[in-house]
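Letter by letter, the chains look like this.
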Amino acid sequence: MDHKQTIAQLKEEIAHLHSENLKLKSQKESAEEKLSAALDGTGLCLWQQYIPTGELTIFNREWGDLLGFTEQELAAHIDSWKGNLHPEDREWVIAAFDDHVQGKSDTYQAVHRMIHKDGSVSWVSDRGRIIEYGPKGEPLRIMGTHIDITQEKRYELSLAKLAHNDPLTNLLNRKALEKRFCQNRLAEHAIGGAMFFIDLDGFKAINDKHGHRFGDLLLIHVADSLRSIVGEEANLARMGGDEFVILHSSSDVEQLTDLAQGLLERYHLPIQLDGKVVSIGLSIGISLFKGDDEFITVCEYADKAMYQVKRQGKHNYGFWQEALIYASG
């Protein structure tokens, strides 16, 4: 074979290889298009990290798309991922990832939060495993899936909130209040506290006169007043209807008396609400309890103290003390 024939044959082989390369690229692009189409709308993306450099590759979505960033704004690198983890999740998520890379766990799995470009929180279900090792057994590549579960998580959290909060006032409901009481009771150094049982005086008449919508606005007004006066020292709950409860950590009678008087002062004069002027009163029963007292018993005593206040003229407070109730106006 002469020199010219050799060159011609090499050119032919090069052309063939070039053609095969184009076919492979076309097949690769077609496979990626099909994968992207199949995963489109699922919130799932496939990722791969080259461990020695930290470089990330996203196969079916633009890098940063989940968090609202362009590729220019957020480099496809493990440090970018770490930097956008939610501060409360960052430490344990990175530890879970490192445990798998170091061979301490079979896979990496984490449901965690990330910070979106607009400051909102995105929830993701992240998982992966090492798929390639080097000649000395060192991990080279890890591949996994990253699923956006923000909507599902928000729905889950809203259901949990509905299960524990009164939907009108956003205060705790009875079930959640009892849970808080029991948690305090089971604490290592449970020392007790006080329960305020509050019933609104004249609420039914106002509700009948002005309608349920106005009645709801009044209940929200009372709930907001409780929040502003009580602050962070207590758990607040709506037990249903026009009954509210304050679960306070203090057993100091003077402090609790000041709180009760502050609540009464708030509704001592008529209030203006939604263009109407109405008068509402608070009958408040207060039961002091020890660390080992039962929730149902404390509720019963506070309720009895409240009804004694009702009998004595309303818009007042009273403490339950066994067979004795005392009140001050």
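For clarity, every value in this text was computed on a predicted model and none was experimentally measured. (Residues numbered from 1 in each chain as written. Predicted model: local features only at pLDDT ≥ 70, side-chain atom pairs only at ≥ 80, totals over all residues. Heavy atoms only, no water.)

Q: Explain the overall build of the chain to me, please; I cannot follow it from the model alone.
A: Secondary structure assignment for the chain yields nine helices and 13 strands. Within the chain, the fraction of its 329 residues that count as buried is 39%. Expressed as a percentage of contacts within the chain between residues at least 6 apart in sequence, the contacts between residues at least 24 apart total 58%. Element-wise, carbon and sulfur atoms account for 52% of the exposed surface of the chain, whose accessible area totals about 19,200 Å². (Helix = DSSP H or I, 4+ residues; strand = E, 2+ residues; numbered from the N terminus. Buried < 20%, exposed > 50% of the residue type's maximum accessible area, 1.4 Å probe, protein only. Contact = heavy atoms within 4.5 Å. Areas by Shrake-Rupley, 256 points an atom, 1.4 Å probe, with all protein chains shown as cover.)

Q: Teacher, can you tell me more about the nonpolar core here?
A: Nonpolar side chains in soluble globular proteins tend to end up buried together. Membership of the largest hydrophobic core comes to 33 residues, with the highest contact counts inside it found for F196, I198, F244, I246 and I284. Ranked by residue count, the leading element in this core is helix α7 (residues 212–230), at seven residues. Counting 21 residues, the second-largest nonpolar core is a separate cluster that includes W81, V93, V124 and I130. (Core = buried A, V, L, I, M, F, W, Y, C linked by side-chain atoms within 4.5 Å.)

Q: Is there a simple way to explain the sheet that holds strand β1 (residues 44–50) in this structure?
A: Strand-to-strand pairing in sheets goes through backbone hydrogen bonds, with the strands running parallel or antiparallel. An order of β2-β1-β5-β4-β3 is seen for the five strands of this open sheet, with the pairing classed as antiparallel. This sheet does not close on itself; its edge strands, each paired only once, are β2 (55–58) and β3 (108–115). Averaged over all neighbouring strand pairs, the angle between strand axes comes to 30°, with direction disregarded. Bridge count between β1 and β2: four bridges; the pairing is antiparallel. Of the residues in β2, the one forming a bridge with Q49 is L56. (Pairing = 2+ DSSP bridges. Axes fitted to C-alpha atoms, helices over the stretch in contact; angles between N-to-C directions.)

Q: Just to check I follow, could you spell out helix α9 (residues 295–311) for this structure?
A: Think of an α-helix as 3.6 residues a turn; residues three or four steps apart then line up on the same face. Helix length check: α9, at 17 residues, gives a terminal C-alpha distance of 25 Å against a target of 24 Å (1.5 Å per residue), a fit within 8%. All of the buried residues in α9 are F295, V298, C299, A302, A305, M306, V309 and K310. Buried residues of α9 fall within an arc of 150° about the axis and therefore sit on the same side. Across α9 from its buried face, at more than 90 degrees, point the exposed residues I296 and R311. Of the residues flanking the end of α9, it is G313, one or two places downstream, whose phi is positive at about 130°. (Expected span 1.5 Å × (residues − 1). Arc of directions from axis to C-beta.)

Q: Any chance you could explain the pattern of salt bridges here in plain terms?
A: Two side chains of opposite charge can pair, provided their charged atoms sit close to one another. Throughout the structure, instances matching the rule amount to 10 salt bridges. Among the ionic pairs, R227 bridges to D224, the shortest N-O distance being 2.7 Å. Residue R227 and its partner D224 are both found in helix α7; the two are separated by three residues, about one turn of the helix. With relative accessibility at 32%, the residue R227 sits in the partly exposed group. (Salt bridge = Lys/Arg side-chain N within 4 Å of Asp/Glu carboxyl O.)

Q: Hey, could you run me through the packing of aromatic side chains in this one?
A: What characterises a pair of aromatic rings is the spacing of the ring centres plus the angle enclosed by the ring planes. Considering all chains together, one arrives at seven aromatic pairs under this definition. A centroid spacing of 6.5 Å and a plane angle of 90° characterise the contact between W81 and Y108, whose relative ring orientation is edge-to-face. In this pair, W81 is assigned in helix α2 (residues 78–83) and Y108 in strand β3, connecting sequence segments 27 residues apart. Taking the centre distance of 5.0 Å and the plane angle of 50° together, the rings of F181 and F289 count as tilted. Taken as a pair, F181 in helix α5 (residues 174–185) and F289 in strand β11 (residues 281–289) lie far apart in primary sequence, 108 residues in all. Comparing F181 with F289 shows no difference in burial state: the two are buried. Each residue in the set W81, F97 and Y108 is aromatic and connected to the rest through ring pairs, giving one cluster. Above the ring of W123, the side-chain terminus of K153 is found at 4.7 Å from the ring centroid. Here the basic side chain of R266 rests over the ring of Y267, its NZ or CZ set 5.4 Å away from the ring centre. (Phe/Tyr/Trp six-rings, centres within 6.5 Å; stacked < 30°, edge-to-face > 60°. Lys NZ or Arg CZ within 6 Å of the ring centre and 35° of its normal.)

Q: So what exactly am I meant to see when it comes to the packing of helix α6 (residues 203–210) against α7 here?
A: The axes of two packed helices give the description: the angle between them and the distance between them. Close contact between α6 and α7 brings their axes to 6 Å; oriented N to C, the two are set at 140°. Classified by the angle their axes make, α6 and α7 are oblique. Where α6 abuts α7, its residues F203, I206, N207 and H210 lie against H212, F214, G215, L218 and L219. In terms of residue class, the contact of α6 with α7 is made up of five nonpolar, four polar and no charged. (Parallel < 35°, antiparallel > 145°, perpendicular 65-115°, else oblique. Nonpolar A, V, L, I, M, F, W, Y, C, P; charged D, E, K, R; others polar.)

Q: For this particular structure, what's the right way to read the environment of G202?
A: Residue placement: G202 occurs in the loop between β6 (193–201) and α6. Placed 112 residues apart in sequence, G202 and K314 show a C-alpha to C-alpha distance of 9.7 Å.

Q: I tried to follow the side chain of R238 on my own but got confused; where do I start?
A: Relative to the helices and strands, R238 is located in strand β7 (residues 234–240). Here G241 takes part through its backbone oxygen, which lies 3.0 Å from a polar atom of the side chain of R238. Here R238 is in contact with D166, L168, T169, L171, L172, N173, R174, L219, E243 and F244, once residues within four sequence places are set aside. (Polar contact = N/O pair within 3.5 Å; in protein donor to acceptor, adjacent residues only side chain to side chain.)

Q: Even after reading the chapter, I still don't get the pairing of β11, so can you show me in this structure?
A: The two faces of the sheet receive side chains in turn, since in a regular strand these alternate between them. Within β11, eight of the nine residues are buried, leaving the element largely enclosed by the surrounding structure. Inspection of the sheet shows β6 paired to β11 by nine bridges, in the antiparallel sense. Counterpart to I198 in the pairing with β11 is I284. Relative to strand β12 (residues 316–321), β11 is paired through five bridges, and the arrangement is parallel. Across the sheet, I286 pairs through a bridge with F319, a residue of β12. For the handedness criterion, the β-α-β arrangement of β11, α9 and β12 is classed as left-handed. (Right-handed = clockwise from strand over helix to strand, strands pointing away.)

Distances and angles like these do not, on their own, reveal function.
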